[in-house]
Amino acid sequence: MKLQTTIKHAPRDGTGFDRGLREFFEYRDTGVNDATGGMFGAHVIRAIPGKEAKPTWHTHTVGFQLFYVLKGWVEFEYEDIGKVMLEAGDSAFQPPGVKHREIRHSDDLEVLEIVSPAGFGTAVVDEL
């Protein structure tokens, strides 16, 4: 893959959010997917106020996944360490294929997620 040679800039004006993987979140692409030919993706995820998480165990087919909480809080449950509460300033590296689920989140949640590859699969798995 050849990386793009021009700078990608995503302004912080709050525009550009679209619906995506989860119906209780909106996603804003930062342009990293296009700039790296799909090798990496980076997007801001924000909660849709009044919409609650649907705790479903799942995995992602990724080589790398990291998220950083920008605002609010989110509670996850992982197959290996149990429940984890993450607040603004916290981050989590999720190993490839780890079983996890979101339990709940604040209405003002905003997260920066960085993944590789940008286009990855999600599979629902049996309850633990």
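Thresholds, definitions, all that
- Residue numbering note: each chain is counted from 1, following its sequence as written.
- This being a predicted model, a pLDDT of at least 70 is required before a residue's local features are given, and a value of 80 or more before pairs of side-chain atoms are given or counted; all residues contribute to the totals for chains, interfaces and linings.
- In computing side-chain values, all of the structure's heavy atoms are included and hydrogens and water are not.
- pLDDT expresses how confident the predictor is about each individual residue, on a scale running from 0 to 100.
- Helix numbers and strand numbers start at the N terminus; a helix is a DSSP run of H or I with at least 4 residues, a strand a run of E with at least 2.
- Aromatic rings from Phe, Tyr and Trp, with only the six-membered ring used for Trp, were paired whenever their centres fell within 6.5 Å, and each pair was classed as stacked if the ring planes differed by under 30 degrees, edge-to-face if by over 60, and tilted otherwise.
- In what follows, salt bridge is the name for a side-chain nitrogen of Lys or Arg lying within 4 Å of a carboxyl oxygen of Asp or Glu.
- The classification of residues rests on relative accessible area computed with a 1.4 Å probe and restricted to protein chains. Under 20% of the type maximum is buried, over 50% is exposed, and intermediate values are partly exposed.

Caption draft 1: Focus on the confidence of the model for the chain. Confidence along the chain averages 85 in pLDDT terms, with 80% of residues attaining 70 or more. The secondary-structure element of the chain with the lowest mean pLDDT is strand β1 (residues 17–19), recorded at 59, while strand β7 (residues 82–87) shows the highest, at 96.

Caption draft 2: A look at the packing of aromatic side chains. One pass over the full model with this rule turns up three aromatic pairs. When the ring of Phe 64 is compared with that of Phe 93, the centres are 5.7 Å apart and the planes differ by 40°; the resulting orientation is tilted. Taken together, the positions of Phe 64 in strand β5 (residues 64–71) and Phe 93 in strand β8 (residues 91–93) put the pair 29 residues apart, joining distant regions of the chain. Linked through ring pairs, Phe 67, Phe 76 and Tyr 78 together constitute an aromatic cluster.

Caption draft 3: Examining the pattern of salt bridges more closely. Enumeration according to the criterion identifies three salt bridges in this entry. Measuring nitrogen to oxygen at the nearest pair gives 2.9 Å for the salt bridge that ties Glu 26 to Arg 46. Of this pair, Glu 26 sits in strand β2 (residues 25–29) while Arg 46 sits in strand β3 (residues 41–47), placing them 20 residues apart in sequence. Ionic pairing is found between Arg 104 and Glu 75, a salt bridge with its closest N-O pair at 2.7 Å. On the criterion of sequence distance, the pair formed by Arg 104 in strand β9 (residues 100–105) and Glu 75 in strand β6 (residues 73–78) is long-range, its members being 29 residues apart. The class for Arg 104 is partly exposed, based on a relative accessible area of 41%. Given a relative accessible area of 11%, Glu 75 falls into the buried group.

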